[in-house]
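The primary structure of each chain is shown beneath.
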Amino acid sequence: EEEDEEEEEEKLKLPYQKQKEKEEHIHTINIKIDTKSKPQTGPIIVSEEGIKRQALHQAKYAPFARTDYPLSFYEYAKVIFNFIFLMPWRLLIIGTMIIIYFIHAGILFMNTREGKYYELGYFKRKLLNILGPYVRIGLFVVGIYSIKSYKVSKQDHDLFLKHHMMYKNETEDDVLNRSKSHIGIGTLYQNSSYQSLDEQELSDSVDENHHYENELPPILVSNHISMVDILLLLSKYNCLSFLARSTLRKTPFFGTWMSQLDCMYVDAASSRKQVIDRIQSRAYTYESRVCEDDTMSHYGINEDHDHEEGMLMSKRLPMVIFPEGTTTNGSHLIHFHLGAFIPGVPVKPVIIRHPFQHFNPAWESIPFHWYIIRLFSQFCIPTEIIEFPTYYPNHEEVEDPSLFSRNVREYMLFGANKYGSQTLMSSPAVRRNHKMEFHKRIRAGEYKWNAPLKSQAPPSFVQKDNDDGSSS
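Residues numbered from 1 in each chain as written. Predicted model: local features only at pLDDT ≥ 70, side-chain atom pairs only at ≥ 80, totals over all residues. Heavy atoms only, no water.

**Overview of the overall build of the chain**
Across its full length, the chain holds 18 helices and 14 strands. Out of the 472 residues in the chain, the part that is buried amounts to 47%. The long-range fraction of contacts in the chain, counting pairs at least 24 apart against all pairs at least 6 apart in sequence, stands at 73%. Carbon and sulfur atoms provide 56% of the accessible area of the chain, an area that totals close to 25600 Å². (Helix = DSSP H or I, 4+ residues; strand = E, 2+ residues; numbered from the N terminus. Buried < 20%, exposed > 50% of the residue type's maximum accessible area, 1.4 Å probe, protein only. Contact = heavy atoms within 4.5 Å. Areas by Shrake-Rupley, 256 points an atom, 1.4 Å probe, with all protein chains shown as cover.)

Structure follows, in structure tokens:
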């Protein structure tokens, strides 16, 4: 009888022992997985390897996931109400404004070749300057009633140079140690050794090439959230040119307007060298407008070129480049491509933020029709623009575009988190191909675009603990 009782106790303990052993090697989480297979019972088990893979994928996909789902009851009611009563009026007004603008622009560009903005006369260029105020009215109609604009101060600019700028042959740890030890603006890192300079000498060496105190430099760099970014930049700086994909040229109205502003198009057939050469040519020609003749020869510009054509080309617009190469959800700053930094000319960084509560205006991981419906159904879209002083690259940055892009990117993060109302996170290892991979997984049903990323895990990461104790 005693042996029977011991056997019964062992049988009772066995399930608890098995469960304890499992808990030492695996984690149990309560999530739901959509599957067409027969529903199974029991908790979902994620192995240690699965958790690591899930964390890695969430880190890669976080800059592209929607952050405004699931919708609240208030948001559902607002969208339905405004879709019926507000959205039609907004679309009607915006459509009318587009038609009026294109009649106006069509007259101005009547005898001008496509994309040759610089061929416009002085009077016509002044008439085209109504574009900025006109776009601002359109943004007001959509719901962007006020734009909070912040300017990074000269003191904060110098603070970044002191404690956060990276020099050649330095590592992230070197920058961190320099920041802690307050080795700063009086120090340059050259030829693998520190060289001390007083602040006046450094100030003189930097200011001697400052040509853009009162105007825009050849290139503006900005984070990219949605198509609204272009309108926001135009409303602030008036006429600008953009680096854009060639597919946009065929877009009704929008493509014609971009061509009129002398935008530069790139396509899949264009080699990296061709694109960089075109960016360099545009930047150097614009730079020659305010630089001395020796600066033109320094940039490789032929001084014997036709003077009249050179004067026309010098009237080209500053060009906006989105160095991330794609849109994000606005919460991260991802990897920067080098196209904007290879020319080695001054750049002006700009950060655009939307500190939303209900709707994230980012055109990211959402069907187009849902995006338009929600965009035009908002009572108000809060917007912030953080404007930085022009960033002048030093000799090391001119020679090393990777260093140049890294410092500008860190500069933008520094200013955005100091002046913005929301934290901008850094994801330098995340690239556009991760976005394509994420969208492919959404189409395959592994992720949902309208659900929080943290609550999801692909089926390949998990195993199911069935009632019989086996895993599947």
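Having seen it, we continue.
**Some details on the pairing of strand β7 (residues 241–245)**
As defined by bridge partners, β7 adjoins strand β9 (residues 319–321) across two bridges and the pair is classed as parallel. Note that in β9 the partner of Phe242 across the bridge is Val320. The pairing of β7 with strand β8 (residues 264–266) spans three bridges and is classified as parallel. The residue of β8 that forms the bridge with Arg245 is Val266. With helix α11 (residues 254–260) bridging β7 and the parallel β8, this β-α-β connection has right-handed handedness. (Pairing = 2+ DSSP bridges. Right-handed = clockwise from strand over helix to strand, strands pointing away.)

**Some words on the side chain of Asp68**
Here Asp68 lies in the loop between α2 (48–61) and α3 (73–85). Classification of Asp68 as buried rests on a relative accessible area of 6%. Side chain to side chain, Asp68 and Arg66 meet in a polar contact 2.7 Å long. A polar atom in the side chain of Asp68 sits 3.0 Å from the backbone nitrogen of Asn360. Apart from the residues within four sequence positions on either side, Asp68 is in contact with Phe356, His358, Phe359, Asn360 and Arg374. (Polar contact = N/O pair within 3.5 Å; in protein donor to acceptor, adjacent residues only side chain to side chain.)

**Considerations on empty space enclosed by the protein**
Applying the stated rule across the entire model yields one cavity of 30 Å³ or more. Computed from the structure, the largest cavity encloses a volume of approximately 30 Å³. Tallied by class, the residues present in the lining of the largest cavity amount to five nonpolar, one polar and two charged. (1 Å grid on protein atoms, 1.4 Å probe; cavity = no way out; pocket = protein on both sides within 12 Å on 5 of 7 lines; lining within 4 Å. Points joined across faces, edges and corners; volume = space filled by probe spheres on them. Nonpolar A, V, L, I, M, F, W, Y, C, P; charged D, E, K, R; others polar.)

**Quick look at the environment of Arg374**
Relative to the assigned elements, Arg374 resides in helix α15 (residues 368–375). Residue Arg374 is classed as buried on the basis of its relative accessible area, which comes to 1%. Between the C-alpha atom of Arg374 and that of Pro361, which follows or precedes it by 13 residues, the distance is 8.5 Å. Looking at Arg374, its side chain comes within polar contact range of the side chain of Asp68, at 3.3 Å.

**Some thoughts on α15**
Every buried residue of α15 is accounted for by Tyr371, Ile372, Ile373, Arg374 and Leu375. Residues of α15 that are buried sit in contact with α3, α4 (87–108), α6 (131–142) and α10 (228–237).

**Some points on the packing of aromatic side chains**
Taken as a whole and assessed by the stated rule, the structure comprises 17 aromatic pairs. Aromatic pair Phe140 and Tyr145: ring centres 5.0 Å apart, planes at 65°, arrangement edge-to-face. When its relative accessible area of 37% is taken as the criterion, Tyr145 is described as partly exposed. One aromatic cluster in this structure is built from Phe160, Phe336, Phe341, Phe388, Tyr391, Phe404, Tyr411 and Phe414. Over the ring of Tyr237 we find Lys236, and its NZ or CZ is 5.8 Å from the ring centre. Lying over the aromatic face of Tyr69, Arg374 brings its terminal NZ or CZ to 5.1 Å of the ring centre. (Phe/Tyr/Trp six-rings, centres within 6.5 Å; stacked < 30°, edge-to-face > 60°. Lys NZ or Arg CZ within 6 Å of the ring centre and 35° of its normal.)

**A short note on the packing of α4 against α6**
Two numbers describe how α4 lies on α6: the axes approach to 9 Å, and their chain directions differ by 170°. With respect to α6, the element α4 is oriented roughly antiparallel. When you trace α4 past α6, the crossing you get is left-handed. Taken together, the residues of α6 that come into contact with α4 (itself represented by Arg90, Ile93, Ile94, Met97, Ile100 and Tyr101) are Leu131, Tyr134, Ile137, Gly138, Val141 and Val142. Class assignment of the residues belonging to the contact of α4 with α6 gives a composition of ten nonpolar, one polar and one charged. (Axes fitted to C-alpha atoms, helices over the stretch in contact; angles between N-to-C directions. Parallel < 35°, antiparallel > 145°, perpendicular 65-115°, else oblique. Left-handed = near helix turned anticlockwise from the far one by under 90°.)

**Points about the confidence of the model for the chain**
Looking at the chain, the pLDDT average stands at 75 and 66% of residues meet or exceed 70. Confidence drops under pLDDT 50 across residues 290–313; counting only partners more than four residues distant or on other chains, this segment forms 23 contacts. (pLDDT = per-residue confidence, 0-100.)

**Considering the pattern of salt bridges**
Going through the model one piece at a time under the given rule, you end up with 14 salt bridges. With its nearest N and O atoms 3.3 Å apart, the salt bridge here joins Asp68 to Arg374. One end of the pair, Asp68, is in the loop between α2 and α3; the other, Arg374, is in helix α15, and 306 residues separate them in sequence. One salt bridge in this structure joins Glu410 and Arg409, with 3.6 Å as the shortest N-O distance. What makes Glu410 partly exposed here is its relative accessible area of 23%. Under the relative-accessibility criterion, Arg409 is labelled buried at 5%. Ionic contacts of the salt-bridge type, sharing partners, join the residues Arg66, Asp68, Glu75, Lys78 and Arg374 into one network. (Salt bridge = Lys/Arg side-chain N within 4 Å of Asp/Glu carboxyl O.)

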